[in-house]
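Descriptive structure summary
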Amino acid sequence: QVQVVESGGGLVQPGGSLRLSCAASGSIFTSYFMGWYRQAPEKQRELVASITSGGITYYSDSVRGRFTISRDNAKSTVSLQMNSLKPEDTAVYYCYADLQLSDSPRRYRGWGQGTQVTVSS
């Protein structure tokens with residue numbers, strides 16, 4: 001059984017930094033795509049940053065230049081370094097993983113449970 005688990009959220013002042021981590025565990029052969037999404041109250045979930053197995057990254061306009069996504073393919077982990085945080089970055093951050101299973105020809109696509117990030121003075 002595959003699990004996707006996030007960690008690293010919390011409360012930070014405007015201008016501060018946080019680092020989120022996401023680890024996928026289970027019978028995983030490789031990860032095709034891993035991304036970070038966020039959902040603020042009464043708003044739709046949006047893609048913040050993503051990275052492919054080949055290292056191609058994407059950032060939304062709202063975080064480009066402030067956030068950096070990185071991954072360890074061998075460990076099926078992805079991290080999001082968030083700098084110069086703003087109050088509008090406040091949201092629940094979710095990790096999404098698209099994985100190839102090692103004991104099946106199927107792929108796993110799923111979400112972590114989410115981690116709260118609050119930017120406030």
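Here the structure is shown first, and the text comes after it.
Residues numbered from 1 in each chain as written. Predicted model: local features only at pLDDT ≥ 70, side-chain atom pairs only at ≥ 80, totals over all residues. Heavy atoms only, no water.

**Describing the state of the cysteines**
One pass over the full model with this rule turns up 1 disulfide. Across the disulfide from Cys 22 sits Cys 95; the S-S distance is 2.1 Å. Around the S-S axis, the bridge from Cys 22 to Cys 95 shows a dihedral of about -80° and counts as left-handed. Of this pair, Cys 22 sits in strand β3 (residues 18-25) while Cys 95 is found in strand β9 (residues 91-101), placing the two residues 73 residues apart along the sequence. Side by side, Cys 22 and Cys 95 carry an identical accessibility label, which is buried. (Disulfide = S-S within 2.5 Å. Helix = DSSP H or I, 4+ residues; strand = E, 2+ residues; numbered from the N terminus. Buried < 20%, exposed > 50% of the residue type's maximum accessible area, 1.4 Å probe, protein only.)

**What about the side chain of Ser 76?**
Take Ser 76: it is sitting in the loop between β7 (67-72) and β8 (77-82). Setting aside anything within four residues of it in sequence, one finds Ser 76 in contact with Cys 22, Ala 23, Ala 24, Ile 28, Ser 31 and Met 34. (Contact = heavy atoms within 4.5 Å.)

**A few points about the sheet that holds β7**
As summarised here, the arrangement of the 4 strands in space is β1-β3-β8-β7, forming an open sheet in which the pairing is antiparallel. Sheet topology places β1 (3-7) and β7 at the edges, where each strand pairs with a single neighbour. Strand-to-strand twist of the sheet, defined as the mean angle between neighbouring strand axes without regard to direction, takes the value 15°. Bridge count for β7 against β8 is 6 bridges, and the pairing is antiparallel. Residue pairing in the sheet places Phe 67 in a bridge with Met 82 of β8. (Pairing = 2+ DSSP bridges. Axes fitted to C-alpha atoms, helices over the stretch in contact; angles between N-to-C directions.)

**Focus: the environment of Gln 113**
Its location among the elements puts Gln 113 in the loop between β10 (107-111) and β11 (115-119). Sequence separation between Gln 113 and Ser 7 is 106 residues; the distance between their C-alpha atoms is 9.7 Å. Not counting residues up to four positions away in its chain, the partners in contact with Gln 113 are Val 4, Val 5, Glu 6 and Tyr 94.

**Focus on the side chain of Arg 38**
Position of Arg 38 among the secondary structure elements: in strand β4 (residues 28-39). The contact partners of Arg 38, leaving out residues within four places of it in the chain, are Gln 44, Arg 45, Glu 46, Val 48, Ser 62, Val 63, Phe 67, Glu 88, Asp 89, Ala 91, Val 92 and Tyr 93.

**Observations concerning the pattern of salt bridges**
Throughout the structure, instances matching the rule amount to 6 salt bridges. Here Arg 38 and Asp 89 are joined by a salt bridge, their closest N and O atoms 2.9 Å apart. Highlighted residues: Arg 38 in strand β4 and Asp 89 in the loop between β8 and β9, separated in sequence by 51 residues. The same class applies to Arg 38 as to Asp 89, namely buried. One network of salt bridges, in which partners are shared, links Arg 38, Glu 46, Arg 66 and Asp 89. (Salt bridge = Lys/Arg side-chain N within 4 Å of Asp/Glu carboxyl O.)

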